[in-house]
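Descriptive analysis of the structure
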2 protein chains.
Amino acid sequence: MTTRIQRRNRGLILDAALEVFSANGFRGATLDQIAAVAGLSKPNILYYFDSKERMHNALLEGLLDVWLAPLRAIDPEGDPRAQIMGYMRRKLQMSRDYPRESRLFANEVLQGAPRLETSISGTLRDLVDDRAAVIQAWSDAGRLPAIDPYHLIFSIWAMTQHYADFDAQIRLIRGKRDPMDGAEAFLEIVFERLLRV
Amino acid sequence: MTTRIQRRNRGLILDAALEVFSANGFRGATLDQIAAVAGLSKPNILYYFDSKERMHNALLEGLLDVWLAPLRAIDPEGDPRAQIMGYMRRKLQMSRDYPRESRLFANEVLQGAPRLETSISGTLRDLVDDRAAVIQAWSDAGRLPAIDPYHLIFSIWAMTQHYADFDAQIRLIRGKRDPMDGAEAFLEIVFERLLRV
DNA sequence: AATAATCTTGACTGAATGGTCAAGTCTGTT
DNA sequence: AACAGACTTGACCATTCAGTCAAGATTATT
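Bear in mind the structure is a predicted one, so any value in this text is a computation, not a measurement.

**Thoughts on the overall build of chain A**
Helix and strand counts for chain A come out as 10 helices and 0 strands. Taken along the three principal axes of its C-alpha coordinates, chain A extends 60 × 45 × 30 Å. Counting every atom, chain A has about 8,600 Å² of accessible surface; 50% of that belongs to carbon and sulfur.

**Overview of the UniProt feature "domain: HTH tetR-type" (unreviewed entry) in chain A**
The sites that carry the UniProt feature "domain: HTH tetR-type" (unreviewed entry) are, in the present numbering, residues 7–67 of chain A. The span residues 7–67 of chain A shows a helical share of 87% and a strand share of 0%, and its end C-alpha atoms are spaced 22 Å apart.

**Comments concerning the packing of aromatic side chains**
Residues and elements named next belong to chain A. Under the counting rule described, the total for this entry stands at 8 aromatic pairs over all chains. An angle of 85° between the planes, with centres 5.0 Å apart, marks the rings of Tyr47 and Tyr48 as edge-to-face. Here Tyr48 falls in the buried class, since its relative accessible area comes to 11%. The side chain of Lys91 reaches across the aromatic face of Trp67, ending 4.2 Å from its centre.

**A few points about the protein's contact with DNA strand D**
Among the 20 residues in the neighbourhood of DNA strand D, the closest are listed as Lys52(A), Thr3(B), Gln6(B), Arg27(B) and Tyr48(B). Close to the protein, within 4 Å, the atoms of DNA strand D are drawn from sugar and phosphate at a rate of 65%. One nitrogen or oxygen atom from the side chain of Tyr47(B) is found 3.2 Å from a phosphate oxygen belonging to DNA strand D. One of the side-chain N or O atoms of Tyr48(B) is found 2.7 Å from a phosphate oxygen in DNA strand D. Breaking the surface near DNA strand D down by element, the ones donating at least two residues are α1 (4–28) and α3 (42–48) of chain A together with α1 (4–28) and α3 (42–48) of chain B. When grouped by side-chain class, the residues that make up the surface near DNA strand D number 9 nonpolar, 7 polar and 4 charged.

**So, empty space enclosed by the protein**
Considering all chains together, one arrives at 8 cavities of 30 Å³ or more under this definition. The volume enclosed by the largest cavity comes to roughly 210 Å³. The wall of the largest cavity is formed by 18 residues, among which Trp67(A), Leu68(A), Phe105(A), Leu124(A) and Gln169(B) lie closest to the centre. Contributing elements (two or more residues each) for the lining of the largest cavity: α4 (52–72), α5 (80–97), α6 (99–110), α7 (118–140) and α8 (149–165) of chain A. Sorting elements by how many residues they give to the lining of the largest cavity places α4(A) first, with 5 residues. Here the residues of the lining of the largest cavity sort into 14 nonpolar, 3 polar and 1 charged. Of the volumes computed, that of the second largest cavity is approximately 180 Å³.

**Quick look at the nonpolar core**
Counting residues in each nonpolar core, the largest one holds 138 residues, and the members touching the most others are Leu152(A), Phe191(A), Leu152(B) and Phe191(B). Other than its neighbours up to four places away in sequence, Leu152(A) contacts Ile84(A), Ile135(A), Ile147(A), Phe191(A), Leu194(A), Leu195(A) and Phe186(B).

**Re the UniProt feature "DNA-binding region" (unreviewed entry) in chain A**
Feature annotation in UniProt places "DNA-binding region" (unreviewed entry) on residues 30–49 of chain A, given in this structure's numbering. This span, residues 30–49 of chain A, is 75% helix and 0% strand, and a straight line between its end C-alpha atoms measures 14 Å.

**Some details on the protein's contact with DNA strand C**
Around DNA strand C, 19 residues are found, and the nearest of them are Thr3(A), Gln6(A), Arg27(A), Tyr48(A) and Arg4(B). Put simply, 62% of the atoms of DNA strand C that lie within 4 Å of the protein are in sugar or phosphate. Note that a phosphate oxygen of DNA strand C is positioned 2.5 Å from one of the side-chain N or O atoms of Thr3(A). Residue Ser41(A) places a side-chain N or O atom 3.1 Å away from a phosphate oxygen belonging to DNA strand C. Those elements that place two or more of their residues in the surface near DNA strand C are α1 and α3 of chain A together with α3 of chain B. The residue inventory of the surface near DNA strand C, partitioned by class, reads 8 nonpolar, 7 polar and 4 charged.

**Some details on the domain arrangement of chain A**
A common way to state how big an interface is: give the accessible area lost once the parts meet. All names here are of chain A. Taken as a whole, chain A is organised into domain 1 (1–49) and domain 2 (60–195). Using C-alpha coordinates to define each centre, domain 1 is positioned 28 Å away from domain 2. Facing 7 residues of domain 1, the contacting portion of domain 2 comprises 7 residues. Carbon and sulfur atoms make up 60% of the area that domain 1 and domain 2 hide from each other, which totals about 660 Å². Summed over the three residues of domain 1 that lose the most area to domain 2, namely Leu18, Ser22 and Phe26, the buried surface amounts to 68% of that side. Between the two partners, domain 1 and domain 2, sit 2 salt bridges. In this structure, Arg100 engages Glu19 in a salt bridge whose closest nitrogen and oxygen atoms are separated by 2.6 Å. For the interface between domain 1 and domain 2, the tally reads 3 residue pairs in polar contact (both at pLDDT 80 or more).

**Some thoughts on the interface of chain A and chain B**
Contact with chain A, which involves 51 residues of that partner, is made by 51 residues of chain B. Between chain A and chain B, roughly 4,600 Å² of surface is buried when both sides are summed, and carbon and sulfur atoms account for 69% of that area. A per-residue breakdown of the area chain A buries against chain B is headed by Leu110(A), His151(A) and Ile173(A), which together make up 16% of the total. For the interface between chain A and chain B, the tally reads 2 salt bridges. With its nearest N and O atoms 3.9 Å apart, the salt bridge here joins Arg174(A) to Asp148(B).

What counts and what doesn't
- Residues numbered from 1 in each chain as written.
- Chains lettered and ligands numbered in written order.
- Predicted model: local features only at pLDDT ≥ 70, side-chain atom pairs only at ≥ 80, totals over all residues.
- Heavy atoms only, no water.
- Helix = DSSP H or I, 4+ residues; strand = E, 2+ residues; numbered from the N terminus.
- Areas by Shrake-Rupley, 256 points an atom, 1.4 Å probe, with all protein chains shown as cover.
- UniProt positions renumbered as here; feature names shortened; annotations may be inferred.
- Phe/Tyr/Trp six-rings, centres within 6.5 Å; stacked < 30°, edge-to-face > 60°.
- Buried < 20%, exposed > 50% of the residue type's maximum accessible area, 1.4 Å probe, protein only.
- Lys NZ or Arg CZ within 6 Å of the ring centre and 35° of its normal.
- Near = heavy atom within 4 Å.
- Polar contact = N/O pair within 3.5 Å; in protein donor to acceptor, adjacent residues only side chain to side chain.
- Nonpolar A, V, L, I, M, F, W, Y, C, P; charged D, E, K, R; others polar.
- 1 Å grid on protein atoms, 1.4 Å probe; cavity = no way out; pocket = protein on both sides within 12 Å on 5 of 7 lines; lining within 4 Å.
- Points joined across faces, edges and corners; volume = space filled by probe spheres on them.
- Core = buried A, V, L, I, M, F, W, Y, C linked by side-chain atoms within 4.5 Å.
- Contact = heavy atoms within 4.5 Å.
- Domains from an automatic or database assignment.
- Buried area = accessible area lost by both parts, 1.4 Å probe.
- Salt bridge = Lys/Arg side-chain N within 4 Å of Asp/Glu carboxyl O.

Take a look at the structure:
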């Protein structure tokens, strides 16, 4: 049974861990940093999560559902183009609203996903396979142009997450302008043209 | 004056450093690992590069030109669509041939580019501004559809580098298939449709 | 109020890691 | 061969960092 204090502190710790892991990667993050951001002592955060590794894992596991929600929300019964455009928009919105989550996963995958448990990767693969099949069926029915559904999904990930993951580079190039200024309009055009039958 | 031995060892070290930094990030890489991969002792690699930081920096600086070559190769006098399609193809080829370089820069940018010297970032920004202006001029002359040239460049980066940077994720989803199978054909369609006047 | 359970932390420990150094080996030049 | 300069390394040091622990403080239960 979890107490009031446990709920509060686990929350504080996971939020601090997200902050620090996403900005520095697993190896670059230190428990001292996380403790400082959480406003707790280091032994105390280790009281709630047995090790740095477990903390990281709890974070990934807890965020997976949020992270995959936009893809889950694709409705096989809906209008193909509207569904995919909606997915793209939701994913871009995620990059805007949850850049830390995006960078957390990016750090992990970039280094070969050495800490992604099989349960997490299995969930991911199954969902993608399922959604790819839906898109393929739309293609086969002539309701979408013939395109590889996996590459379509990858391209949506790539372009939307780019704004969160490579924010530093975009800022460097675009100066004071908001990195996402014009992004939605641009992506709208890209996918609208791609999906036109 | 640089000796034969210096040339050989600096080369060995930078290649090992690329291997280790790109796979683990700056903080995750250790000098012991780099020394082992280079086949030299740790004090010896520090004889050639004063510190881990300098080694990393020498690597980024040395690779910048290679990395930006495809963008440089865009010819303002050429055919707009062919030039941009060619750029996309060269960039995808880079992801295939030089995934380590892609991941090295990705790691750095993902963590906020804390070690990108101003000379490097200046070079990058100037080149992108220049090429964006070329693309804008093509648009203004009606030789390309009206699209934001910066977002166009970002989208090419995003989609091509995705195959190198997130290789682990793609492999997870696609199983045994080569992650880049079908990528070129897909990107060809995306940009061909986007750039049609 | 008394007791048990939960929570908190200062002070540690051992391992990893970036970097140093003095002493030695190798290479090129005369 | 002899010498200078370049190269190499075992042993070491200081710091950082994940994780431990015993003792104390707080909270919940009776």
